[in-house]
Amino acid sequence: MLTHDKKPLLIGQVTALSGVPIRTIRYYESLGLLNSSGRTEGGFRQFSLDVLTRLAFIKRAQNLGLSLEEIRDILNIYDEGKLPCGEVKQKLEDKVNEIEHQIEELLTLRDELTGLLSGWDNFTGKRKDTICPIIQ
């Protein structure tokens, strides 16, 4: 049976394996999203192999519209030894509701712009006290 080498990864190796820039990894660590497992004698950060799973989760959650603060909340639940699926479900439902609200606002804006543009042909000249009567 093959065994995987459990040797800690240096930050450059994490970058190479995950595609996440070093600067971003340091930022995530400063926010508490990642924890290094220690440092080398030379002061380089070391990470366990599970950092790759966390980085993939963070990137996927960001792509779904979750903020880093929301992601940190989820990871904190996970770090307590609990499955954060309930929290994830709630945050994704909130995100859907937010998107639906944005769609409604955009549809209202579209209707307003369409109404303004429909009066464009009726514009008959320049008035001194207005910049553009269509908007004003």
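Shown above is the structure to which this text applies.
Residues numbered from 1 in each chain as written. Predicted model: local features only at pLDDT ≥ 70, side-chain atom pairs only at ≥ 80, totals over all residues. Heavy atoms only, no water.

(A) Quick peek at the overall build of the chain. What the chain contains, in helices and strands, is five helices and three strands. For 136 residues, the compact-globule formula gives about 14 Å, and the C-alpha radius of gyration of the chain, at 25 Å, lies well above that figure. For the chain, the spread of C-alpha atoms along the three principal axes comes to 80 × 35 × 25 Å. For the chain, the accessible area works out to roughly 10400 Å², and carbon and sulfur atoms hold 56% of it. Side-chain charges in the chain split into 18 positive and 20 negative, and the spacing between the mean points of these groups amounts to 8 Å. (Helix = DSSP H or I, 4+ residues; strand = E, 2+ residues; numbered from the N terminus. Rg over C-alpha atoms; globule rule 2.2 N^0.38 Å. Areas by Shrake-Rupley, 256 points an atom, 1.4 Å probe, with all protein chains shown as cover. Lys, Arg positive; Asp, Glu negative; His and termini not counted. Charge placed at Lys NZ, Arg CZ, Asp CG, Glu CD.)

(B) Just the packing of aromatic side chains, in detail. In this structure the tally under the stated criterion is one aromatic pair. Here the aromatic rings of Y27 and Y28 are separated by 6.5 Å at their centres, their planes lie at 40°, and the arrangement is tilted. (Phe/Tyr/Trp six-rings, centres within 6.5 Å; stacked < 30°, edge-to-face > 60°.)

(C) Region of the structure containing the sheet that holds strand β2 (residues 38–39). In space, the three strands of this open sheet follow the order β1-β3-β2, with antiparallel pairing throughout. Each end of this open sheet is capped by a strand with a single partner; those strands are β1 (9–10) and β2. Judged from the two bridges that link them, β2 and strand β3 (residues 45–47) form a sheet pairing that is antiparallel. Within β3, the position partnered with G38 by the bridge is Q46. (Pairing = 2+ DSSP bridges.)

(D) Spatial organisation of helix α3 (residues 51–63). Along its 13 residues, α3 runs 18 Å from first to last C-alpha, staying within 8% of the 18 Å computed at 1.5 Å per residue. The secondary structure elements touched by the buried residues of α3 are α1 (11–18), α2 (22–31), β3 and α4 (68–79). Following α3 by one or two positions, G65 has its phi on the positive side, about 95°. (Expected span 1.5 Å × (residues − 1). Contact = heavy atoms within 4.5 Å.)

(E) A look at the environment of Q102. Looking at the element boundaries, Q102 is found in helix α5 (residues 85–118). Judged by relative accessible area, Q102 falls into the partly exposed class, the value being 38%. Along the primary structure Q102 and L34 are separated by 68 residues, whereas in three dimensions their C-alpha atoms are 32 Å apart. (Buried < 20%, exposed > 50% of the residue type's maximum accessible area, 1.4 Å probe, protein only.)

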